[in-house]
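# Architecture at a glance
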Amino acid sequence: MARSLNALLFILSFFLCSCLGSKKNYSPLKKYDPVALQQDYILLKNILETKHPSLYWYTSKDSMDLYFSKYYYAIKDSMTEQQYAWKVLAPLVAKIQCGHTSVSMSKGYAKWVRKKTFPSFPLYMKVWNDSMLAMINLNKKDSLIKKGTIITSINGLTTSELKDIMFSYLPIDGKANSMNYIRMSANFPYYHRNIFGISNNYNITYIDSAGDIKAATIPVYKPVNDSAKKKSVKEVYPKIAKQKRLEPYRSFKIDSSGKFAVITLNTFSNGRLRRFFRHSFRKLKEKNITNLVLDIRINGGGKVGLSTLLTKYVTRKPFNVADSLYAKTNNLSPYTKYIKGKFLNNLELVFITKKKKDGLFHISHLEKKTYKPKKNNHYNGNLYVLTAGPTFSAASLFCNVIKGQPGIKLLGEETGGGWYGNNGIMIPDIILPSTKLRIRLPLFRLVQYNHADRNGSGVVPDILVETSYDALMKGYDKKMKVARELILGAGR
């Protein structure tokens, strides 16, 4: 008995040490043999061709076949995980034009990179249309390029050329590029580094205060390691009240004018939303507030059921969400072992779908289903919905249903979520066996009911409010300002 116990403890300790050692010894410099990379690539191609419901929605089969060949033959030499992800897989996946299909680094890389900073292009930029505006200069001692400087080229590429190249690496629904402007604006150095690599110096052109185009050379940003930082000190954070913890997901506020309320809703996934909706719309009724601003500018979607529930509170008429909702297959075989959630995903596909005459597997009970407006605490007042590029997936479904209804206006920019539909519902990860890179694999295609666009745009706002140079420089919220003016002006 004692020997058996000792043997078991030895095996467990060996296993744990091996696991810890493998995590600790992860190296981003490891290069993978081109044969292994090609095998990962062929596996990914086969899975996408057999399981992805919309591989040819916006890109024809002939074109996708050409892209598959192009990036396969780009694997000529050994590559690191980062090189393989950005030089081969990211541009390939972007050609599908599906915002729910994207590439993520391996878990090993994600753990290694945590809290690290890297050399990069030194400027954070606000990017819109064909304009780039310097917002933050990481080289603090550089007094030449300040906030508000318009950059017209980097290393010989104009802003328009840079935008087109960088967009070709980023996944979107159809042609709804509004999401990519936000991505580039949020972390321009990150995307520039991964797509173009690092230079010791960058040759830029910019517009000076006199309106003249000038040329300059700016150095790469090199982070300084703080050797004095104590690694052993554990940071202690104060406890946050439950209500404050939920605010990143949703909030409700009545404007100081008393004329309108603002609901900020950043997701349809978290935040105890059923209760939040119930309390918020009850309060609107009790306070007799007849104007509401619903801010879903950074709502990336989530549960369609919660998006539908919100719609019930504000819609003026019965509505439908899905014209059609289907998968290509009702199982992941023969690729189950490469897909996260293996058994449960297969089980769900079998039980929630039914094969129809078209050979596809439909979620029939949601297709063309009609929902009725809420009776209790239904909101009938004026509704202004703020939208932008990150308004995606379930949030864009909401926008499609309410757009054009009496007393409701979409205000802001085109949504990043496709107006025609999207590939949400179930999205497990493919995990490639050699590199462990992760690729999101949507299993269902949802075509929106009564959609107004088939060419790949997002849901278009009724009142277009684009990026404002003045707002960027002075730090005010242009879209909220316009909504406030419309509400208070209407009350005069």
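Here's what I pulled together on the structure shown here. Bear in mind that the values here come from a model prediction, so they are computed numbers and not experimental data. (Residues numbered from 1 in each chain as written. Predicted model: local features only at pLDDT ≥ 70, side-chain atom pairs only at ≥ 80, totals over all residues. Heavy atoms only, no water.)

## Concerning helix H3 (residues 61-72)
Between the first and last C-alpha of H3 there are 16 Å, a value that for 12 residues agrees with the 16 Å anticipated at 1.5 Å per step. Every buried residue of H3 is accounted for by Met64, Phe68 and Tyr71. The buried side chains of H3 occupy one side of the element, clustering within an arc of 80° when seen end-on. In H3, the exposed positions angled more than 90 degrees off the buried face are occupied by Asp62 and Leu66. Buried residues in H3 make contact with helix H2 (34-51) and helix H4 (81-94). (Helix = DSSP H or I, 4+ residues; strand = E, 2+ residues; numbered from the N terminus. Expected span 1.5 Å × (residues − 1). Buried < 20%, exposed > 50% of the residue type's maximum accessible area, 1.4 Å probe, protein only. Arc of directions from axis to C-beta. Contact = heavy atoms within 4.5 Å.)

## With respect to the sheet that holds strand E16 (residues 361-362)
In space, the 5 strands of this open sheet follow the order E15-E16-E14-E23-E20, with antiparallel pairing throughout. Strands at the two margins of the open sheet, each flanked by one partner only, are strand E15 (354-355) and strand E20 (421-422). Across 2 bridges, the pairing between E20 and strand E23 (residues 445-448) is antiparallel. Opposite glycine 421, over in E23, you have valine 447 as the bridge partner. (Pairing = 2+ DSSP bridges.)

## Looking at the sheet that holds strand E11 (residues 261-265)
Strand order across the open sheet formed by 6 strands is E10-E11-E12-E18-E19-E24, with mixed pairing between neighbours. Lying at the two open borders of the sheet, with one neighbouring strand each, are strand E10 (250-254) and strand E24 (463-464). Here E10 pairs with E11 via 5 bridges, running antiparallel. By the bridge assignment for E11, phenylalanine 252 is matched with isoleucine 263. In this fold helix H10 (residues 273-286) packs onto E10, E11 and strand E12 (291-295), with an angle of close to 10° to the strand it touches most, E10. (Axes fitted to C-alpha atoms, helices over the stretch in contact; angles between N-to-C directions.)

## Here's the deal with empty space enclosed by the protein
Evaluation of the coordinates by the stated rule reveals 1 cavity of 30 Å³ or more. Reported here for the largest cavity is a volume of approximately 30 Å³. Looking at the lining of the largest cavity, the elements that each hand over two or more residues are helix H11 (304-314) and helix H13 (394-402). Residues of the lining of the largest cavity, tallied by class, amount to 4 nonpolar, 3 polar and no charged. (1 Å grid on protein atoms, 1.4 Å probe; cavity = no way out; pocket = protein on both sides within 12 Å on 5 of 7 lines; lining within 4 Å. Points joined across faces, edges and corners; volume = space filled by probe spheres on them. Nonpolar A, V, L, I, M, F, W, Y, C, P; charged D, E, K, R; others polar.)

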